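Residue strings, one per chain:
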Amino acid sequence: MPGRGLDVLVVEGGLVQKGDALVLLEAMKMELRLVAPAIGRVDKILCQPGQVVARGQVLIQLAE
């Protein structure tokens, strides 16, 4: 199910903890928070607010 990016909650180079919110999406009028699966550093941000994203699309790349 495609969604739309509402907000990117991190910056490139920023450190994140497991469970930190990374991106806020909207799909079927519901807001979804994508969270960090592990501790890491934000390597690349591959999405932007307003962008339509597909299921399974990589939105944030993390480096350990």
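Scroll up for the structure.
Residues numbered from 1 in each chain as written. Predicted model: local features only at pLDDT ≥ 70, side-chain atom pairs only at ≥ 80, totals over all residues. Heavy atoms only, no water.

Some points on the overall build of the protein chain
For clarity, the threshold we go by: For the purposes of this entry, the term helix denotes a DSSP run of H or I that reaches at least four residues, the term strand denotes a run of E that reaches at least two, and both are numbered from the N terminus. A contact between two residues is defined here by any heavy atoms of the two lying within 4.5 Å. For every accessible area listed, the method is Shrake-Rupley and the probe measures 1.4 Å; residues are considered covered only by the protein chains on display.
Scanning the protein chain for helices and strands turns up 0 helices and 7 strands. Helices and strands in the protein chain line up, N terminus first, as β-β-β-β-β-β-β. The dimensions of the protein chain, computed from C-alpha atoms along their principal axes, are 30 × 20 × 20 Å. For the protein chain, the proportion of contacts with a sequence separation of at least 24, taken over those separated by at least 6, is 44%. Carbon and sulfur atoms make up 54% of the accessible area of the protein chain, which totals about 4,400 Å².

Observations concerning unusual backbone geometry
If you check the backbone angles, Met-28 has positive phi at about 50° while not being a glycine. As for its position among the elements, Met-28 is in the loop between β3 (21-27) and β4 (30-35).

Side note on the pattern of salt bridges
The following threshold applies: We count a salt bridge whenever a side-chain nitrogen from Lys or Arg sits within 4 Å of a carboxyl oxygen from Asp or Glu. Residue exposure (1.4 Å probe, protein chains only): buried if accessible area is under 20% of the type maximum, exposed if over 50%, otherwise partly exposed.
Using the criterion set out here, one finds 2 salt bridges in the structure. Where Arg-4 meets Glu-26, a salt bridge forms, and the shortest distance between an N and an O atom there is 2.7 Å. Here Arg-4 is found in strand β1 (residues 3-8), whereas its partner Glu-26 is found in strand β3, with 22 residues between them in sequence. In this structure Arg-4 comes out as partly exposed when scored by relative accessible area, which is 34%. Arg-41 serves as the salt-bridge partner of Asp-43, at 3.7 Å between the closest nitrogen and oxygen. In this structure Asp-43 comes out as partly exposed when scored by relative accessible area, which is 36%.

Details of the environment of Val-58
Checked against the element boundaries, Val-58 lands in the loop between β6 (52-53) and β7 (60-63). Separated by 22 residues in sequence, Val-58 and Ala-36 have C-alpha atoms that sit 12 Å apart.

Description of the layout of surface pockets
How we decide: Residues are called lining when one of their atoms sits within 4 Å of a cavity or pocket point, these points coming from a 1 Å grid over the protein atoms alone, where a cavity is a set in which a 1.4 Å probe fits but cannot get out and a pocket is an open set with protein on both sides within 12 Å along at least five of seven lines. Grid points are joined across faces, edges and corners, and a volume is the space filled by probe spheres set on the points. Each residue is assigned to one of three groups, with Ala, Val, Leu, Ile, Met, Phe, Trp, Tyr, Cys and Pro labelled nonpolar, Asp, Glu, Lys and Arg labelled charged, and all others, Gly among them, labelled polar.
By volume, the largest pocket amounts to about 330 Å³. Residue lining of the largest pocket: 20 residues in total, with Leu-25, Leu-34, Gly-56, Gln-57 and Leu-59 positioned closest to the centre. Taken together, the elements giving at least two residues each to the lining of the largest pocket come down to β3, β4 and β7. With 4 residues, the top contributor of residues to the lining of the largest pocket is β3. Class assignment for the residues of the lining of the largest pocket results in 16 nonpolar, 3 polar and 1 charged.

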